[in-house]
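# Analysis of the macromolecular model
Here is what each chain is made of, one letter per residue.
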Amino acid sequence: MATINDNYLKLPGSYLFAEIARRVAAFKEANPEADIIRLGIGDVTQPLPPACIEAMHKAVDELANADTFRGYGPEQGYSFLTDAIIEHNYKARGIEIASDEIFISDGSKSDCGNIQEIFGTDNHVAITDPVYPVYLDTNVMAGRTGTLQEDGHFEGVTYLPCDASNDFAPALPKERVDMIYLCCPNNPTGTTLSRAELKKWVDYARENESVILFDAAYAAYITEDDVPRSIYEIEGAKDVAIEFRSFSKTAGFTGTRCGYTIIPKTVKGHAADGTLVEFNKLWNRRHTTKFNGTAYIVQRGAAAIYTEEGQKQVKETIAYYMENARIIREGLQAAGIKAYGGVNAPYIWLKTPENMPSWDFFDKLLTEVHIVGTPGAGFGPCGEGYFRLTAFGNRENTVRAVERIKKQLHI
Ligand code: PLP
């Protein structure tokens, strides 16, 4: 009989959002009249920018004509998109990225999940806690961890706790680690690392020959000058960092699907025989073997965000969400709840009153004020005692939710 990958059995059964859906469905069945406001799942609600829609319509028409039809494109992405990304997101900030150092994909989840395949299974992984669960789960699947312990930690992984006590800036690990996942701005905490904090990590990686896997899916939400938009703004990062970016939250592509990964050719690892190998080469091999390119229509849509109108439209939508973030953050503070994030990211991370367990706070918020959020414990052991609200709702619901919390929540 065929055997299975036993590592999958190490993963806990119930997925965070499935459990949330289950509790909300049970509440709704018992309270059919309840007007539930969802500030839970991190999906956007505003439509794609008109510039993207127009570009995608045009691309569809091109596919209708044999002279302009496109079949398989370059697996790494069309140059009309890669050139625009390099120009606007890197060159404009003084960063040189070559056209063969960028890989267009169907989104960042695939990239941050798949990247570990080009690393040896004996690498030691460090992950900030709490964080987007994909980094940990994919390393569990690959066998780079032991089993899940009773305290919620996987054996063999270095967790880097981030909470209010360290201002959500993780301390450097005491032991040597090979792969370091940093999510900046962070999902779920909505906090970021300053230039000085990020430099510590780049210096650590250079000294220890580690690689930083830098997820900047929310870079477009950064408002403060001291927060780098790209890790390559830090001197020396091009030797030690791989960066992931996404059009999902930048321009509403969560359903349309487009993202990209930057792997400078200077980022290298040791082969078993000791020779130095470029990760770029390995990822190119993987990408061209397992992926056949992001749809032409989607890439045309993504490229349109770099036009003058596209830039304006994207900024307007981000400003809309960030105003929601301000309303939530200030509303929570007015209600006497400690809230973090929401300045450089569309997430607000609140401290549960009196250290209430985060699932208890989930139930309290749902039953008392009919609002759905996300329990912090779902993002790692250090998320316990915290709770995530997102700014991706529409304005009306965001305002109504905050009013309910201020007036009706018993804390
Ligand atoms: N990285 C982070 C930190 C995220 O929060 C998300 C989505 O929520 C992703 C990556 C995935 O983005 P994409 O839609 O590009 O797959």
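Residues numbered from 1 in each chain as written. Predicted model: local features only at pLDDT ≥ 70, side-chain atom pairs only at ≥ 80, totals over all residues. Heavy atoms only, no water.

Before going further, it helps to examine the side chain of Lys-364. Inspection of the secondary structure puts Lys-364 in helix H11 (residues 358–369). Separated by 2.4 Å, the side chain of Lys-364 and the backbone oxygen of His-410 make a polar contact. If we ignore the near neighbours within four places in the chain, the residues touching Lys-364 are Met-356, Val-369, Leu-409, His-410 and Ile-411. (Helix = DSSP H or I, 4+ residues; strand = E, 2+ residues; numbered from the N terminus. Polar contact = N/O pair within 3.5 Å; in protein donor to acceptor, adjacent residues only side chain to side chain. Contact = heavy atoms within 4.5 Å.)

Ranked by size, the top nonpolar core spans 98 residues in total, and within it Ile-212 and Phe-247 carry the most contacts. The element that contributes the greatest number of residues to this core is helix H10 (residues 308–334), accounting for 8 residues. Split by domain, this core shows at least three residues from each of two domains, domain 1 (9–47 + 311–408) and domain 2 (53–308). Those residues in contact with Phe-247 that lie beyond four places of it in its chain are Leu-81, Ile-85, Gly-252, Phe-253, Cys-258, Gly-259, Tyr-260, Ala-302, Ile-305 and Tyr-306. (Core = buried A, V, L, I, M, F, W, Y, C linked by side-chain atoms within 4.5 Å. Buried < 20%, exposed > 50% of the residue type's maximum accessible area, 1.4 Å probe, protein only. Domains from an automatic or database assignment.)

Where helix H1 (residues 16–30) contacts H11, the axes come no closer than 11 Å and their chain directions differ by 35 degrees. The two elements H1 and H11 meet at a crossing, and its hand is right-handed. On H11, the residues touching Leu-16, Glu-19, Ile-20, Arg-23, Val-24 and Phe-27 of H1 are Trp-359, Phe-362, Asp-363, Leu-366 and Thr-367. When the residues that make up the contact of H1 with H11 are grouped by side-chain class, the tally is 7 nonpolar, 1 polar and 3 charged. (Axes fitted to C-alpha atoms, helices over the stretch in contact; angles between N-to-C directions. Left-handed = near helix turned anticlockwise from the far one by under 90°. Nonpolar A, V, L, I, M, F, W, Y, C, P; charged D, E, K, R; others polar.)

A sheet is described by the order of its strands in space; here 7 strands give the open sequence E2-E8-E7-E6-E5-E3-E4, paired in mixed fashion. Either end of the sheet is taken by a strand with one partner, and the two such strands are strand E2 (102–105) and strand E4 (157–161). Neighbouring strand axes in the sheet, compared pairwise and without regard to direction, differ in orientation by 20 degrees on average. Here 5 bridges tie strand E5 (residues 179–183) to strand E6 (residues 211–215), and the two strands are oriented parallel to one another. (Pairing = 2+ DSSP bridges.)

On to the site of the ligand, then. As a structural note, the neighbourhood of the ligand is formed by 14 residues, with Ser-108, Asp-215, Tyr-218, Ser-246 and Ser-248 the closest of them. Between a nitrogen atom of the ligand and a side-chain N or O atom of Asp-215, the distance comes to 2.6 Å. Compared with its free state, where it exposes 390 Å², the ligand has 91% of that area covered by protein. Broken down by class, the residue content of the shell around the ligand amounts to 5 nonpolar, 5 polar and 4 charged. (Near = heavy atom within 4 Å. Areas by Shrake-Rupley, 256 points an atom, 1.4 Å probe, with all protein chains shown as cover.)

Spatially, the 4 strands line up as an open sheet ordered E11-E12-E15-E14, and their pairing is antiparallel. Edge positions in the sheet fall to strand E11 (339–341) and strand E14 (374–375), since each of these pairs with one other strand and no more. Taken together, the 5 bridges between strand E12 (residues 347–351) and strand E15 (residues 386–390) define a ladder with antiparallel strand orientation. Paired with Ile-348 across the two strands is Leu-389, which belongs to E15.

A separate point is the domain arrangement of the chain. Domain assignment breaks the chain into domain 1 (9–47 + 311–408) and domain 2 (53–308). On a C-alpha basis, the centroid separation for the pair domain 1 and domain 2 is 26 Å. With 30 residues of domain 1 in contact, the opposing surface of domain 2 contributes 47 residues. With both chains or domains summed, domain 1 and domain 2 bury close to 3000 Å², and 64% of this area falls on carbon and sulfur atoms. (Buried area = accessible area lost by both parts, 1.4 Å probe.)

The next point concerns the pairing of strand E8 (residues 259–262). Alternating positions in E8 separate into two faces, Gly-259 and Thr-261 on one and Tyr-260 and Ile-262 on the other, with burial throughout. Across 4 bridges, E2 lies against E8 in antiparallel orientation. The residue bridging Ile-102 from the neighbouring strand is Ile-262, located in E8. Where strand E7 (residues 241–246) meets E8, 4 bridges bridge the pair, whose relative direction is antiparallel.

Moving on to the environment of Pro-185. Mapped onto the elements, Pro-185 comes out in the loop between E5 and helix H6 (195–208). Residues Pro-185 and Ala-126, spaced 59 residues apart in sequence, show a C-alpha to C-alpha distance of 17 Å.

So, on to H6. Taking 1.5 Å as the rise per residue, H6 with 14 residues should run 20 Å; its terminal C-alpha atoms sit 20 Å apart, in good agreement. Of all the residues in H6, the buried ones are Leu-198, Trp-201, Val-202, Tyr-204, Ala-205 and Asn-208. Projected down its long axis, H6 carries its buried residues within an arc of 160 degrees, all on one side. Relative to its buried face, H6 has exposed residues pointing more than 90 degrees away, namely Ala-196 and Glu-207. In this structure, the buried side of H6 is in contact with E4, E5 and E6. Positive backbone phi, approximately 55 degrees, marks Glu-209, located one or two places after H6. (Expected span 1.5 Å × (residues − 1). Arc of directions from axis to C-beta.)

Okay, unusual backbone geometry next. Residue Pro-185 is bonded to the preceding Cys-184 through a cis peptide linkage, with omega at 0 degrees. In this structure, the amide linkage connecting Asn-187 to the following residue, Pro-188, adopts the cis form with an omega of 25 degrees. Following the sequence through the fold, Pro-188 ends up in the loop between E5 and H6. For Glu-354, which is not a glycine, the phi torsion comes out positive at approximately 50 degrees. Tracing the chain through its elements places Glu-354 in the loop between E12 and H11. Given the relative accessible area of 78%, Glu-354 is considered exposed.

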